[in-house]
Amino acid sequence: MRNMFSRAMRAALLNRGVYRDVAEDPTAILHAMGTVSLVGIAIGLGMDGALVDIGKPAAELGSIVDRLVGTWMAIMITLVGWIVWAAVAFATGTWFLRGHAKFRPILRALGVGYGPGVLVALAPLPGLGSIALATGHLWILVTGVVAVHETEALDWFGASLATVLGWFLGFILIRGI
């Protein structure tokens, strides 16, 4: 668990070596999935307003079942978005831009880079929420560009091209469903 948080922090700080390490370590899929799942929980908490509603009576918060189902759905949608993002980045980077990575290393590297997404839990906060939401989304995009650059061995423009298309489909469109 400690190693997962360490990798997520280094990825968030754009340490390029962590992406190569994760790409070469097949067991890092658990760290990547754990990081993405934590972001899904943060999204669920943010949608639910759990951080803002701390002082509210339980009767005003809705049923615990509704809150748990909402959080579960946020986790599942985040995991699907991650896989779609990795698939599009892989297809674009490897097939069209002549990158050199396989799908699983890209999946692992993008997953570990999801860490800044925990900022979306702050989305319901007045004033700070929209800034936290935008910062979290854009920070994940930046970590994704670095991840694809390091795993695909593409130049920065190619990595950006492959990443932005997949990020848009996986991170924005799927969340609109």
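Quick caveat: nothing in here was measured; it's all calculated off a predicted structure.

Considerations on the side chain of T92
Examined against the element boundaries, T92 turns out to sit in helix α5 (residues 64-96). On the accessibility criterion, T92 (12% relative accessible area) is buried. There is a polar contact of 2.8 Å between the side chain of T92 and the backbone oxygen of V88.

Quick look at the environment of A23
Mapping A23 onto the fold places it in helix α2 (residues 16-24). The class for A23 is buried, based on a relative accessible area of 14%. Among all residues touching A23, those that are not within four sequence positions of it are P105, R108 and T151.

As for the nonpolar core
Membership of the largest hydrophobic core comes to 37 residues, with the highest contact counts inside it found for Y19, W82, W85, I106, L110, Y114 and V148. Within the residue set of this core, elements represented by two or more residues are α2, α3 (29-48), α5, α6 (103-112), α7 (129-152) and α8 (156-173). Setting aside its immediate chain neighbours within four residues, I106 contacts A86, A89, F90, A101, T151 and E152.

Thoughts on the side chain of R7
Its location among the elements puts R7 in helix α1 (residues 2-12). Among the polar contacts listed, one links the side chain of R7 to the side chain of D25, at a separation of 3.1 Å. In contact with R7, not counting residues within four places along its chain, are V18, V22, D25, A28, H31 and V112.

Quick look at the packing of aromatic side chains
A full pass over the atoms with the stated rule returns three aromatic pairs. Considering the side-chain rings of F90 and W95, the 5.6 Å spacing of their centres and the 70 degrees angle between planes classify their relative orientation as edge-to-face. For F90, a relative accessible area of 16% gives the class buried. Overall, the relative accessible area of 54% leaves W95 in the exposed class. These aromatic residues form a ring-pair network of at least three members: F90, W95 and F103.

Here we look at the packing of α5 against α7
How two helices sit against one another is set out by the angle between their axes and by the gap between those axes. Packing of α5 against α7 leaves a shortest axis separation of 11 Å and a crossing angle of 45 degrees. Regarding the angle of α5 to α7, the classification is oblique. For the crossing formed where α5 meets α7, the hand is right-handed. Residues W85, A89, F90, G93 and T94 of α5 touch α7, and the partners they reach there are I140, G144, V148 and E152. Split into classes, the residues belonging to the contact of α5 with α7 amount to five nonpolar, three polar and one charged.

Some points on unusual backbone geometry
Positive phi, close to 65 degrees, is recorded for R98, a residue that is not glycine. Here R98 shows up in the loop between α5 and α6. Positive phi outside glycine occurs at A153, with the angle close to 60 degrees. With respect to the helices and strands, the residue A153 is situated in the loop between α7 and α8.

Description of α5
Counted at 1.5 Å a residue, the expected span for α5 with its 33 residues is 48 Å, and the 47 Å between its end C-alpha atoms agrees. One or two steps after α5, the chain reaches R98, where phi turns positive at roughly 65 degrees.

So, the packing of α6 against α7
Here α6 crosses α7 at 150 degrees, and the two axes come no closer than 9 Å. The angle between the axes of α6 and α7 places the two elements in the roughly antiparallel class. For α6 against α7, the interelement crossing comes out right-handed. Across the interface between the two elements, P105, I106, A109 and L110 from α6 touch G144, A147, V148, T151 and E152 from α7. Among the residues forming the contact of α6 with α7, the class breakdown is six nonpolar, two polar and one charged.

What counts and how
- Residues numbered from 1 in each chain as written.
- Predicted model: local features only at pLDDT ≥ 70, side-chain atom pairs only at ≥ 80, totals over all residues.
- Heavy atoms only, no water.
- Helix = DSSP H or I, 4+ residues; strand = E, 2+ residues; numbered from the N terminus.
- Buried < 20%, exposed > 50% of the residue type's maximum accessible area, 1.4 Å probe, protein only.
- Polar contact = N/O pair within 3.5 Å; in protein donor to acceptor, adjacent residues only side chain to side chain.
- Contact = heavy atoms within 4.5 Å.
- Core = buried A, V, L, I, M, F, W, Y, C linked by side-chain atoms within 4.5 Å.
- Phe/Tyr/Trp six-rings, centres within 6.5 Å; stacked < 30°, edge-to-face > 60°.
- Axes fitted to C-alpha atoms, helices over the stretch in contact; angles between N-to-C directions.
- Parallel < 35°, antiparallel > 145°, perpendicular 65-115°, else oblique.
- Left-handed = near helix turned anticlockwise from the far one by under 90°.
- Nonpolar A, V, L, I, M, F, W, Y, C, P; charged D, E, K, R; others polar.
- Expected span 1.5 Å × (residues − 1).

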